Amino acid sequence: MVGKEEYTTEDSNDGLTCSGTVIMIDELQSHGINVGDILKLKSSGIFSVSTCLSTTRRNMLKIKGLSEGKVDKIKEAAGKLMSTGFISATIQAEVRRRVNKITTGSKSFDSMLGGGISTMSLTEVFGEFRCGKTQLAHTLCVTTQLPLVRRGELNERQQKLNQHLSRLNRVAEEFNLAVFLTNQVQSDPGASALFASADGRKP
């Protein structure tokens, strides 16, 4: 079917095809949502119905050109295309079968990670500067092209970070991607590699 990426399973409990289908946002057009509003959703990073459902009304109202009435209509249409809530472990296991592993370039490291960096998930490495985070990220940029082997207000910053991570996680799950994050940490938060006072001998 156009607009859907199929990886569905049949739920023996209700006989319905359940949650493994990625339904693209364009499908809303068949439920009365005009192309202009769909383009506005896409411009804000909403490309699938599940993302539309998980985006709060408050955030959708921030999209230029979407009124409360339009947001309610979009939410209603999305709800008709995809149900939300809990899914059975059987269906979740079927979805997880799509997970691939991206090699780090090291067989030993891959073994420690259970085969490599997983798609449909977030992977974060952390450590001080010059410990290899960026090198690993650069390596993954190359290996992912190979055939897959299966300071402001802290509260505000944390909320923005959580929203960003949530969006990355949705994209990873919906499109079977691997998201790889690096996080530089310091034993002394007051120190900076940009200043002479920084201890360049630390790894």
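In the block above lies the structure referred to throughout.
Residues numbered from 1 in each chain as written. Predicted model: local features only at pLDDT ≥ 70, side-chain atom pairs only at ≥ 80, totals over all residues. Heavy atoms only, no water.

Visitor: Run through the nonpolar core, naming residues and quoting values.
Guide: What tends to happen in soluble globular proteins is that the nonpolar side chains get buried as a cluster. Counting 17 residues, the largest nonpolar core has Ile25, Leu28, Leu41, Cys52 and Ile74 as the members making the most contacts within it. Counting residues per element, the ones that place at least two in this core are α1 (35–43), α2 (49–54) and α4 (68–81). Per-element accounting of this core gives the leading share, four residues, to α4. The residues touching Ile25, leaving out its near neighbours within four places in the chain, are Ile38, Leu41, Lys42, Ile46, Phe47, Ser48, Val49 and Cys52. In this structure, Ile117, Val125, Leu136 and Leu140 belong to the second largest nonpolar core, which totals five residues. (Core = buried A, V, L, I, M, F, W, Y, C linked by side-chain atoms within 4.5 Å. Buried < 20%, exposed > 50% of the residue type's maximum accessible area, 1.4 Å probe, protein only. Helix = DSSP H or I, 4+ residues; strand = E, 2+ residues; numbered from the N terminus. Contact = heavy atoms within 4.5 Å.)

Visitor: Can you break down the environment of Val125 residue by residue, with the values?
Guide: Assignment of secondary structure puts Val125 in strand β7 (residues 121–127). C-alpha separation for the pair Val125 and Leu136, spaced eleven residues apart in sequence, amounts to 9.2 Å.

Visitor: Give me α4: which residues, what numbers.
Guide: For α4, with 14 residues, the first-to-last C-alpha span of 20 Å sits near the 20 Å given by 1.5 Å per residue. The set of residues buried in α4 consists of Val71, Ile74, Lys75, Ala77 and Ala78. Taken down its axis, α4 places every buried residue within 165° of arc, on the same side. Facing away from the buried side of α4 by over 90 degrees, the exposed positions are Glu68, Glu76 and Lys80. On its buried face, α4 is in contact with α1, α2 and α3 (57–60). (Expected span 1.5 Å × (residues − 1). Arc of directions from axis to C-beta.)

Everything listed here is a matter of geometry and, on its own, says nothing about what the molecule does.
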